[in-house]
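Next come the chains, spelled out residue by residue.
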Protein chains: 2
Amino acid sequence: MKPIKIGIIGFGTVGTAVVRLLQENGWLLRERLGLELQVKKIADLDISSDRGLGLPPGTLTSSAAEVIQDPEVQVVVELIGGLRPAKDFILQALRAGKHVVTANKALLAEEGQELFQEAQQRGLALGFEASVAGGGPIIRALREGLLANRIKAVYGILNGTTNYILTKMSSEGVEYEEALREAQRLGYAEADPTLDVQGIDSAHKLTLLASLAFGIPLSFQEVYTEGISHLSPLDIAFASELGMKIKLLAVAKLTEGQVELRVHPTMLPQKQPISQVDGVLNAIYVEGDAMPQCLLQGPGAGGSPTASAVVSDLASIAHTIHTGGRPARAISFSPTAPSIRPIQEVESLYYFRFSALDRPGVLSKIAGVLGAKNISIWTVIQKGRKVGGAVPLVLLTHKAKEQNVRQALKEIDALPVVTKKSTLIRVEGPEE
Amino acid sequence: MKPIKIGIIGFGTVGTAVVRLLQENGWLLRERLGLELQVKKIADLDISSDRGLGLPPGTLTSSAAEVIQDPEVQVVVELIGGLRPAKDFILQALRAGKHVVTANKALLAEEGQELFQEAQQRGLALGFEASVAGGGPIIRALREGLLANRIKAVYGILNGTTNYILTKMSSEGVEYEEALREAQRLGYAEADPTLDVQGIDSAHKLTLLASLAFGIPLSFQEVYTEGISHLSPLDIAFASELGMKIKLLAVAKLTEGQVELRVHPTMLPQKQPISQVDGVLNAIYVEGDAMPQCLLQGPGAGGSPTASAVVSDLASIAHTIHTGGRPARAISFSPTAPSIRPIQEVESLYYFRFSALDRPGVLSKIAGVLGAKNISIWTVIQKGRKVGGAVPLVLLTHKAKEQNVRQALKEIDALPVVTKKSTLIRVEGPEE
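Residues numbered from 1 in each chain as written. Chains lettered and ligands numbered in written order. Predicted model: local features only at pLDDT ≥ 70, side-chain atom pairs only at ≥ 80, totals over all residues.

A. Local environment of the sheet that holds strand β1 (residues 4-9) of chain A. All names here are of chain A. Read from one edge to the other, the open sheet built from 6 strands follows the order β3-β2-β1-β4-β5-β6, with strand pairing classed as parallel. In this open sheet, the two edge strands, each paired with only one partner strand, are β3 (60-61) and β6 (126-127). Here 2 bridges tie strand β2 (residues 37-43) to β3, and the two strands are oriented parallel to one another. Note that in β3 the partner of Ala43 across the bridge is Thr61. (Pairing = 2+ DSSP bridges. Helix = DSSP H or I, 4+ residues; strand = E, 2+ residues; numbered from the N terminus.)

The structure is reproduced here in structure tokens:
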């Protein structure tokens with residue numbers, strides 16, 4: 001049995017976890033697939049830190065080119081993240097005829113079209129199981145397990161950092177900033193949390209899932225993306241009063257032949273299973289025509305879970321090489337793929353919180369604007385509690401169109417009795 | 001592109017759903033994998049019913065041999081269920097060099113060793129994704145997605161019929177018989193519900209999952225199996241009082257180097273996610289060393305979900321044939337697999353309900369017997385409500401060994417103050 005030789009670019013948390021997993025559990029691959037994976041070369045800028053792995057001398061190099069150009073290396077694993085030079089390394093590896101495995105959702109979502117095309121033209125694998133849901137095999141589920149389904153929707157909680165922050169805000173009533181600091185202290189959030197808290201990481205992952213599910217081109221730029229940093233404990237308290245929770249939901253959904261692509265805070269009934277996905281967990285629902293619902297849930301990040309997914313890709317590729325087959329297309333882009341539905345056209349239920357002066361006739365004014373835009377009110381909460389001189393007025397609407405909602409809020413925010421920009425949170429799932 | 005030709009044996013609910021799915025969604029396979037599946041022959045005893053599928057003349061036959069021996073058929077799908085003649089058909093198909101796909105968990109769990117061996121020796125695929133969790137890709141998740149993990153445990157709700165009955169008993173307080181009748185009326189339970197309600201179907205599925213997870217031989221005979229028909233609304237009410245729910249749990253768990261294999265009603269804290277899996281849903285947890293927890297959930301049965309899984313297997317096999325590769329082993333049995341832990345050695349928390357005469361000293365007598373067997377009591381519920389002249393006495397224990405529990409119950413049931421056989425339900429998950 002000739003070992004399949006791999007090269008790794010990026011020897012941080014995930015790279016180290018991949019090598020350790022191969023060292024500790026490589027026997028499983030031998031036993032289960034009759035094949036051996038051997039790490040031939042690893043490139044990193046830091047080649048002096050001791051990662052405690054006892055690598056053979058000559059394995060480490062500071063030159064990515066040395067990994068890519070090594071004639072023995074058959075699969076290149078890209079784990080440096082970011083757009084550049086990661087993209088160049090992957091393109092170089094593919095052009096050198098190597099299969100590639102990556103966990104780089106940002107790169108694939110933003111500039112992956114060229115990479116998938118290059119891999120496809122050369123009959124090479126481009127494995128990215130590790131890019132969504134950590135070690136949970138969601139890519140495999142969509143590509144293989146649910147292959148025979150016309151997918152109606154893929155949605156879920158795709159980012160553990162924001163889910164941790166929202167869980168903390170909800171269970172302890174703390175402000176966003178405090179929950180974020182705690183997440184940073186625990187290592188769940190980065191020093192610069194922008195990608196996570198602005199919903200960009202979720203949008204990257206949703207982009208990949210949507211292309212797998214619907215065959216659409218990678219459409220990161222067209223994902224409507226809204227983060228969680230504007231959420232206040234007040235909205236979370238109102239949600240709770242309404243029997244709901246707020247989650248950062250990523251949604252790709254077929255509506256009238258178009259695909260909705262959106263990431264935003266969403267109010268969901270507390271009783272819905274997805275509301276109970278707390279802490280750093282991820283959860284993804286897939287709705288197909290033959291398999292009406294399939295849920296995959298697990299920790300969405302971390303060195304070991306991500307390494308588990310990287311090695312599963314490596315094993316599939318190695319098996320294919322070993323048995324003389326050809327890898328299937330990484331993503332099959334459809335010539336008849338549906339178009340993206342503009343966010344203005346999307347319909348939803350809405351939660352509004354208005355800060356209004358405590359005067360007679362305010363509700364009627366606001367309701368008048370909404371009615372004129374075809375937005376009908378389902379529930380009202382108006383209470384005496386003053387916040388900064390004004391009273392919060394909370395409304396839940398029936399289904400309404402986003403563009404009408406935006407116009408209505410613009411008009412409402414211009415009313416003299418409204419003292420602050422209004423809050424809008426989309427609502428999914430309650431029985432109207 | 002030459003179509004891959006398949007033959008189907010068994011044209012009932014699932015067989016019909018498979019053909020319909022290939023007709024309706026076959027374009028997905030063409031588009032995504034560049035391959036075509038063509039149903040060449042279908043065998044069934046009933047070749048006269050109109051299934052509304054508009055099959056070409058000559059497709060239907062009453063002879064399974066005609067399907068198996070057709071030189072053009074490359075993959076045989078067995079969907080008749082039962083042990084015989086299904087086993088003969090699968091063996092004949094493998095010996096004729098055909099790949100096989102089946103949904104037959106009973107056959108694979110009870111006599112699959114020979115079938116897997118035959119497939120393995122001939123380098124043929126034996127696909128069985130449809131045998132567990134309907135259309136949920138749990139087999140693929142264990143074989144591929146979580147391949148790099150040493151699995152610590154696989155457990156869950158593997159049978160929709162019993163989960164429906166327990167949900168109904170729990171939400172409406174009805175007796176087992178009434179809930180069963182309702183399940184039968186809705187088509188969730190068969191006229192003879194034995195396989196489901198006695199836990200045998202769950203044990204079949206657990207057998208397959210355990211071999212995938214731990215590499216152990218198929219060990220159906222060694223699965224400790226207990227059904228739900230003895231459960232009373234009284235126990236469900238006490239569970240609720242204790243903040244718990246009763247589910248039919250199937251567990252394969254590594255303990256001290258041995259594998260526990262058991263299917264039995266289990267009390268679980270209401271807050272645990274698995275307690276919220278209600279109705280006909282299935283849910284399977286996998287705990288690995290690299291991926292600490294992965295949950296897969298969805299409808300566990302039904303024509304379309306099962307067909308979704310059958311076609312996913314067909315697509316994988318067709319891709320392998322099409323690209324000149326070889327299928328991986330269906331199950332990789334390990335030469336160093338752990339042994340099965342005898343049920344007597346298994347440790348658990350326990351719920352006991354004793355029917356005792358309402359006399360002073362009864363609790364002390366019962367507690368004395370338990371204490372002598374090293375079973376320590378955690379919680380006691382004793383209430384005035386008489387049931388048939390006796391008072392129910394409910395105890396929760398700390399962790400105890402099954403053999404001690406059985407001996408203790410035998411002694412307790414022999415006490416003159418105890419009026420009926422005691423009830424025992426295993427408990428998982430609460431903080432002691």
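B. Broad picture of the interface of chain B and chain A. Taken together, the 49 residues of chain B in the interface contact 49 residues of chain A. Of all elements in the fold, only α1 (13-33), α5 (138-145), β12 (294-299) and α11 (303-322) of chain B reach the threshold of two or more residues within the side of chain B that touches chain A. Looking at the side of chain B that touches chain A, the element that brings in the most residues is α11(B), giving 10 residues. For the side of chain B that touches chain A, a count of residues per class yields 21 nonpolar, 22 polar and 6 charged. Sheet analysis places strand β12 (residues 294-299) of chain A next to β12(B), joined by 3 bridges and oriented antiparallel. (Contact = placed C-beta atoms within 7 Å. Nonpolar A, V, L, I, M, F, W, Y, C, P; charged D, E, K, R; others polar.)

C. Structural detail: the nonpolar core. The biggest cluster of nonpolar side chains holds 294 residues, and the ones touching the most others in it are A:Val18 and B:Val18. Apart from residues lying up to four places away in sequence, B:Val18 is in contact with B:Ile8, B:Val77, B:Ala307, B:Val310 and B:Val311. (Core = buried A, V, L, I, M, F, W, Y, C linked by C-beta atoms within 7 Å. Buried ≥ 20, exposed ≤ 12 C-beta atoms within 10 Å, placed from the backbone.)

D. Quick peek at the relation of the copies chain B and chain A. The operation relating chain B to chain A is a screw motion whose rotation component is 180°, with 0.0 Å of axial translation and a residual RMSD of 0.0 Å. Expressed as an axis order, the relation between the two copies is that of a two-fold axis. In terms of proximity to the rotation axis, the leading residue of chain B is B:Gly325, whose C-alpha is 1.8 Å off the axis. Of the residues that chain B buries at the interface, 100% are likewise interface residues in chain A, meaning the two copies contact each other through the same surface. (Least-squares fit on C-alpha atoms with pLDDT ≥ 70 in both.)

E. A look at the domain arrangement of chain A. Examined at the domain level, chain A breaks down into domain 1 (4-134 + 303-322), domain 2 (139-299) and domain 3 (344-427). Here the C-alpha centroids of domain 1 of chain A and domain 3 of chain A sit 51 Å apart. (Domains from an automatic or database assignment.)

F. Quick look at the packing of α5(B) against helix α9 (residues 200-214) of chain B. All names here are of chain B. Look at α5 against α9: their axes get within 9 Å of each other, and the N-to-C directions meet at 15°. Classified by the angle their axes make, α5 and α9 are roughly parallel. Between α5 and α9 lies a crossing whose hand is left-handed. On the side of α5, the interface is formed by Ile139, Leu142 and Arg143, while α9 contributes Leu209, Leu212 and Ala213. Broken down by class, the residue content of the contact of α5 with α9 amounts to 5 nonpolar, no polar and 1 charged. (Axes fitted to C-alpha atoms, helices over the stretch in contact; angles between N-to-C directions. Parallel < 35°, antiparallel > 145°, perpendicular 65-115°, else oblique. Left-handed = near helix turned anticlockwise from the far one by under 90°.)

G. Main features of the pairing of strand β10 (residues 258-269) of chain A. All names here are of chain A. Within β10, 10 of the 12 residues are buried, leaving the element largely enclosed by the surrounding structure. In terms of strand pairing, strand β8 (residues 224-225) meets β10 through 2 bridges, oriented parallel. Each residue of the ladder has a partner; that of Thr225, found in β10, is Val263. Relative to β10, strand β9 (residues 244-255) runs antiparallel, the two sharing 12 bridges. When the sheet's bridge partners are listed, Val251 is paired in β10 with Arg262. The loop that links β9 with its antiparallel partner β10 comprises 2 residues; one of these, Glu256, has a positive phi angle of about 45°. As defined by bridge partners, β10 adjoins strand β13 (residues 339-340) across 2 bridges and the pair is classed as parallel. Across the sheet, residue Gln258 finds its bridge partner in β13, namely Ser339. In terms of strand pairing, β10 meets strand β18 (residues 423-427) through 2 bridges, oriented parallel. Note on β18: the bridge partner recorded for Thr266 is Arg426.

H. View of the sheet that holds strand β2 (residues 37-43) of chain B. Residue and element names in this part refer to chain B. Read from one edge to the other, the open sheet built from 6 strands follows the order β3-β2-β1-β4-β5-β6, with strand pairing classed as parallel. The open sheet terminates on both sides in strands that have one partner only, identified here as β3 (60-61) and β6 (126-127). When strand β4 (residues 75-78) meets strand β5 (residues 99-102), the two strands line up parallel, connected through 4 bridges. Residue pairing across strands places Val77 opposite Val101, the latter belonging to β5.

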